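Listed here are the chains, written in short residue letters.
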Amino acid sequence: MQKELLLGVEAIGQGAIDGGISGVYAYPGTPSTEITEYIQGNGQAKEKGIRSNWSANEKTAYEAALGMSYAGKRSMVCMKHVGLNVAADAFINSAITGVNGGLLITVADDPSMHSSQNEQDSRFYGKFAMIPILEPSNQQEAYDMTRYGLQLSEETGLPVMLRITTRLAHSRAGIVRREITGENELHLPEDPTQFILIPAIARKRYKILLEKQKLLNQLTDNSKYNFFKPGKDRNPGIIACGIAYNYLMENFDSGNFPLLKISQYPVPESLIAKLVESCDEILVLEEGYPFVEEIVKGLLNKNMKIKGRLNGALPRDGELNPDIVANALGKKVSSGPAVPDLVVGRPPALCKGCGHRDMFNALIEAMKKYSGERVFSDIGCYALGVLPPFQCIYSCVDMGASVTMAKGAADAGLSPSVAVIGDSTFTHSGITGLLDAVNDNVNIVVIISDNESVSMTGGQDSSATGKIESICAGVGVDPSHIKVFIPLPKNHDLMVQAIEEELDYEGVSVIVFRRECVQTASRKRRKINS
Amino acid sequence: MKTDIILAGVGGQGILTIASILGQAAINENLFLKQAETHGMSQRGGAVVSHLRISDIEIASDLIPEGTADIILSVEPMEALRYLPYLSDAGYIVTNTTPFLNIPNYPDLDKILSEIRNQPRFVAIDAEKIAKKIGNHRASNMVMLGAASPFIHIESSKIEEGIKRIFDRKGDAIVELNLNAYKAGRQFALENIN
């Protein structure tokens, strides 16, 4: 069969289509975005009418996917690792309700923080929720395990997590597709109380979840994605999880060590017992936190040495690569020539002609008469306002935090304070914070730098487009303090004046600077021309 | 038989087009391929790199180990130097000599070019100039692909088929332009291997 060249994320998208989903729900976030984009652009998905528009945030996406599962159909929800924090309430509780149609949660972690604020390991969330976790090691497994995950979800009656990391997400390889599974018919849960988590029912549902753990352990011990391979060399026995398995194979394709590959969790305890019997010490290779390493330490009663991220055999932070794994195996890495001293860093920057640039230029001038660092910002391209030549923002924490942190700082006396937030970040998680600010009537200026797309992730449609002023007025901002400008150099003085006036106003103001993202605009032009 | 390529450049320069042509050619030849890309924040004018591995046996790691790359193919001269630790003893640097100036502290270009010329095996090529001569400076990435082609274990004609396939949608004139750019780059490399 002809192989198709797909990114790991695209393989997951194709796996979900072929695995019979009726809908995918997501908010864009690197490195997960292209899963949903792939489904949106796929002819087969269009023909089947698979639902795939962007959601306002990960929580709304998750709940809608759960609703589709309630109605008996298969669904997938995709997000980056920090997106699961946003969806966590729905996520944890969906393990208690269980599912009806198969529900797959695809989470893309970003160790080394290529495009993220932290490198949290989603496997902890999976364990916390007590659901099965799948961690493919290559693109073919990503495709196969997406299909398997949907099936496993229906088999166990639980949501299933598919965890990948940046390298697998954004690496391409040839994959072979399998037969296509049809979509489920609409059918409601057999037990109409299944999804009602009032305490009396939740207690029962929780006991059901606890009882299912035995089944999950059996499934993981017998999973075809987990295997134990005996070896004569007793030092060390190796556990390799997910993509770490590839880095191990790169270094030791014919090694004679006992090996346990883990791609399905909870950890396969019977296979770990086999490994323990056949070696004197254990090396754990895993992408992310020392998740398996900690569990293995807890499982062992004897004083067996366990090497990994905790004991320093591997770095405690950052993603793995073949060289780090070679080092941990005691293999010599012979690097090429050193990087000459004259090579300088090339950090990302706002594009030429970007409206955020004009917004920052005006803001910097308007803030001149105020002392101290009082501009709070958010997640998006405008976080680059921290770098030269602007260097004018002082926070970037989580989606929507600019509005609420500015409010809290103003409460504390840093008044006026300013929030700089993008359009889609505002509708993702900024609206409720603005409501808090209005209810407390604090002196903050919220600058919504509206480029009418989700730009950092590649220009996806923004839920905010065409709605911002009415949303702000709707939560109670005085319409005379909602202003709109086109951020262009020729409007600089007008923009500065408006910011100054609103800083003087004792209350909540919103200034919208609206001009389409230059990348999105040029993509549209190219599309029209071709 | 394997070719491990570090593809380097600046976000927005289009190194992924080069990667997708080689990927297409490799798959059509039933070769194994892995290609790790940079997406996200760095695509906004930051340094970007793609690890491209082609082999007739299965490939384990998506990333190339240090000291083993057969080629550093860079569409920007300073970016070629950034990845030197990946280059194997027998590896080639194939780099564009036109700098991409989007930072205030870009080093002296002559010093960068002399660092490149100090390396034992390299092809340094002014891809923009050659592309312009052929008809459009935007074909410079195909000049670079052509310049690297003598070191890649895929028949040149198969790479040309990859180019045809990738640019097919854009019409015959664009296909022709890119094929000519590729051939000119290849010709230059064959005449100027250092």
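Residues numbered from 1 in each chain as written. Chains lettered and ligands numbered in written order. Predicted model: local features only at pLDDT ≥ 70, side-chain atom pairs only at ≥ 80, totals over all residues.

## Observations concerning the overall build of chain B
Here is step 1 of the chain: The number of helices and strands found in chain B is 7 helices and 6 strands.
Here is step 2 of the chain: Mapped from its N terminus to its C terminus, chain B presents α and β elements in the order β-α-β-β-β-α-β-α-β-α-α-α-α.
Here is step 3 of the chain: Taken over C-alpha atoms, the radius of gyration comes to 15 Å for chain B, in line with the 16 Å a tight globule of 194 residues would show.
Here is step 4 of the chain: Structurally, chain B occupies a C-alpha span of about 40 × 40 × 35 Å along its principal axes.
Here is step 5 of the chain: Counting all 194 residues of chain B, 56% fall into the buried class.
Here is step 6 of the chain: Sequence separation of 24 or more characterises 67% of the internal contacts of chain B that already satisfy a separation of 6 or more. (Helix = DSSP H or I, 4+ residues; strand = E, 2+ residues; numbered from the N terminus. Rg over C-alpha atoms; globule rule 2.2 N^0.38 Å. Buried ≥ 20, exposed ≤ 12 C-beta atoms within 10 Å, placed from the backbone. Contact = placed C-beta atoms within 7 Å.)

## Things to note about the overall build of chain A
Here is step 1 of the chain: A tally of regular secondary structure across chain A gives 19 helices and 18 strands.
Here is step 2 of the chain: Here the C-alpha radius of gyration of chain A, 25 Å, is about what a compact globule of 530 residues would show, namely 24 Å.
Here is step 3 of the chain: Considered along the principal axes of its C-alpha atoms, chain A spans approximately 75 × 65 × 55 Å.
Here is step 4 of the chain: Across the 530 residues of chain A, 55% fall into the buried class.

## Brief notes about the interface of chain A and chain B
Here is step 1 of the chain: Between chain A and chain B, the residue contacts involve 41 residues of the former and 41 residues of the latter.
Here is step 2 of the chain: Residues that form the side of chain A that touches chain B fall into these classes: 22 nonpolar, 12 polar and 7 charged.
Here is step 3 of the chain: Bridging between strand S7 (residues 171-175) of chain A and strand S2 (residues 32-36) of chain B involves 3 bridges; their strand directions are antiparallel. Bridging from a neighbouring strand, A:Arg172 pairs with B:Gln35 of S2(B). (Nonpolar A, V, L, I, M, F, W, Y, C, P; charged D, E, K, R; others polar. Pairing = 2+ DSSP bridges.)

## Considerations on the domain arrangement of chain A
Residue and element names in this part refer to chain A.
Here is step 1 of the chain: Partitioning chain A into structural domains gives domain 1 (4-221), domain 2 (227-328) and domain 3 (355-522).
Here is step 2 of the chain: Domain 1 and domain 2 are separated by 26 Å when their C-alpha centres are compared.
Here is step 3 of the chain: Contact residues are listed per partner, giving 24 residues for domain 1 and 20 residues for domain 2.
Here is step 4 of the chain: Taken together, the elements giving at least two residues each to the side of domain 1 that touches domain 2 come down to helix H6 (123-129), strand S5 (133-134), helix H8 (166-169) and helix H9 (199-221).
Here is step 5 of the chain: For the side of domain 1 that touches domain 2, the element with the highest residue contribution is H9, accounting for 4 residues. (Domains from an automatic or database assignment.)

## Digging into helix H14 (residues 355-366) of chain A
Here is step 1 of the chain: Here H14(A) spans 17 Å end to end across 12 residues, near enough to the 16 Å set by a 1.5 Å rise per residue.
Here is step 2 of the chain: Packing partners of the buried residues in H14(A) comprise strand S14 (375-376), strand S16 (444-450), helix H18 (492-504) and strand S18 (508-514) of chain A. (Expected span 1.5 Å × (residues − 1).)

## A few points about the sheet that holds strand S17 (residues 482-485) of chain A
Strands pair in a sheet through their backbones, by hydrogen bonds, and they do so in one of two ways: parallel or antiparallel.
Residue and element names in this part refer to chain A.
Here is step 1 of the chain: What the 5 strands build is an open sheet, ordered S14-S15-S16-S18-S17; its pairing is parallel. Either end of the sheet is taken by a strand with one partner, and the two such strands are S14 and S17.
Here is step 2 of the chain: One ladder, built from 7 bridges, connects S16 with S18; its direction is parallel. Within the sheet, the bridge partner assigned to Asp-450 lies in S18 and is Arg-514.
Here is step 3 of the chain: Of the strands in this sheet, S14, strand S15 (417-422) and S16 are in contact with helix H15 (residues 401-412), which crosses S15 at around 175 degrees. (Axes fitted to C-alpha atoms, helices over the stretch in contact; angles between N-to-C directions.)

## Description of the sheet that holds strand S11 (residues 264-265) of chain A
Residues and elements named next belong to chain A.
Here is step 1 of the chain: Taken in spatial order, the 6 strands line up as S2-S3-S4-S6-S5-S11 in an open sheet, and their pairing is mixed. Each edge of the open sheet is held by one strand with a lone partner, namely strand S2 (21-26) and S11.
Here is step 2 of the chain: Bridge count for S2 against strand S3 (residues 74-80) is 5 bridges, and the pairing is parallel. When the sheet's bridge partners are listed, Gly-23 is paired in S3 with Ser-75.

## Some thoughts on the packing of helix H6 (residues 156-167) of chain B against helix H7 (residues 172-191) of chain B
Residue and element names in this part refer to chain B.
Here is step 1 of the chain: Taken N-terminus to C-terminus, the directions of H6 and H7 make an angle of 150 degrees; their axes are 9 Å apart at the nearest point. By the angle between their axes, H6 is roughly antiparallel relative to H7. Here H6 and H7 pass one another in a crossing that is right-handed. Touching Ser-156, Glu-160, Ile-163, Lys-164 and Phe-167 of H6 are Ile-174, Val-175, Asn-178, Leu-179, Tyr-182 and Arg-186, all from H7.
Here is step 2 of the chain: Grouping the amino acids of the contact of H6 with H7 by side-chain chemistry returns 6 nonpolar, 2 polar and 3 charged. (Parallel < 35°, antiparallel > 145°, perpendicular 65-115°, else oblique. Left-handed = near helix turned anticlockwise from the far one by under 90°.)

## Considering the pairing of S2(B)
Residues and elements named next belong to chain B.
Here is step 1 of the chain: Most of S2 sits out of view: 4 of its 5 residues are buried.
Here is step 2 of the chain: Across 5 bridges, the pairing between S2 and strand S3 (residues 47-55) is antiparallel. Bridged to Leu-33 within S3 is Ile-54.

## Comments concerning the environment of A:Asn491
All names here are of chain A.
Here is step 1 of the chain: Note that Asn-491 resides in the loop between S17 and H18.
Here is step 2 of the chain: Judged by C-beta crowding, with 16 C-beta atoms within 10 Å, Asn-491 ranks as partly exposed.
Here is step 3 of the chain: Considering only alpha carbons, one finds Asn-491 and Ala-142, 349 residues apart in sequence, at a separation of 50 Å.

## Digging into helix H12 (residues 291-299) of chain A
Here is step 1 of the chain: Within H12(A), the full set of buried residues consists of A:Phe291, A:Val292, A:Glu293 and A:Val296.
Here is step 2 of the chain: The inward-facing, buried residues of H12(A) contact H6, strand S9 (237-241), strand S10 (259-262), helix H11 (269-277), strand S12 (281-285) and strand S13 (305-307) of chain A.

## A short note on the packing of helix H4 (residues 127-134) of chain B against helix H5 (residues 140-148) of chain B
All names here are of chain B.
Here is step 1 of the chain: Remark: H4 packs on H5, axes separated minimally by 8 Å, with the N-to-C direction vectors making an angle of 115 degrees. Of the possible angle classes, the one that applies to H4 and H5 is roughly perpendicular. As H4 runs across H5, the sense of the crossing is right-handed. In contact with Ala-127, Glu-128, Ile-130 and Ala-131 of H4, H5 contributes Ser-140, Val-143 and Met-144.

## Thoughts on the pairing of S3(A)
All names here are of chain A.
Here is step 1 of the chain: Among the 7 residues of S3, 7 are classified as buried, and the element is accordingly described as predominantly covered.
Here is step 2 of the chain: Residues Arg-74, Met-76, Cys-78 and Lys-80 line one face of S3 and the alternating positions Ser-75, Val-77 and Met-79 line the opposite face, and both faces are buried.
Here is step 3 of the chain: Inspection of the sheet shows S3 paired to strand S4 (residues 103-109) by 6 bridges, in the parallel sense. Bridge pairing in S4 links Val-77 to Ile-105.
Here is step 4 of the chain: Assessed by its sense of winding, the connection that carries the chain from S3 through helix H5 (residues 81-97) to S4 is right-handed. (Right-handed = clockwise from strand over helix to strand, strands pointing away.)

## What about the environment of A:Ala498?
Residues and elements named next belong to chain A.
Here is step 1 of the chain: Within the secondary structure, Ala-498 is located in helix H18.
Here is step 2 of the chain: Along the primary structure Ala-498 and Leu-104 are separated by 394 residues, whereas in three dimensions their C-alpha atoms are 47 Å apart.
Here is step 3 of the chain: If we ignore the near neighbours within four places in the chain, the residues touching Ala-498 are Lys-483, Phe-485 and Ile-511.

## Focus on the nonpolar core
Here is step 1 of the chain: With 215 residues, the main nonpolar core has A:Ile239, A:Leu285, A:Ile447, B:Ile72 and B:Val143 as its most contacted residues.
Here is step 2 of the chain: For this core, the leading source of residues is helix H1 (residues 15-28) of chain B, giving 9 residues.
Here is step 3 of the chain: When residues no more than four places from it in sequence are discounted, the contact partners of B:Val143 are B:Ile125, B:Ala127, B:Ile130, B:Ala131, B:Ala181, B:Ala184 and B:Gly185. (Core = buried A, V, L, I, M, F, W, Y, C linked by C-beta atoms within 7 Å.)

## Quick word on unusual backbone geometry
Here is step 1 of the chain: For the bond from A:Thr30 to A:Pro31, the omega torsion is 5 degrees, close enough to zero to count as cis.
Here is step 2 of the chain: Its location among the elements puts A:Pro31 in the loop between S2 and helix H2 (33-41).
Here is step 3 of the chain: Omega for the bond connecting A:Asn235 with A:Pro236 falls within 30 degrees of zero, at -5 degrees, which places this linkage in the cis form.
Here is step 4 of the chain: Relative to the helices and strands, A:Pro236 resides in the loop between strand S8 (227-229) and S9.
Here is step 5 of the chain: Within the chain, A:Glu452 stands out as a residue other than glycine whose phi angle is a positive 55 degrees.
Here is step 6 of the chain: Mapped onto the fold, A:Glu452 is located in the loop between S16 and helix H17 (468-474).
Here is step 7 of the chain: Phi at B:Asn30 is positive, roughly 60 degrees, even though this residue is not glycine.
Here is step 8 of the chain: Within the fold, B:Asn30 resides in the loop between H1 and S2.
Here is step 9 of the chain: Judged by C-beta crowding, with 10 C-beta atoms within 10 Å, B:Asn30 ranks as exposed.

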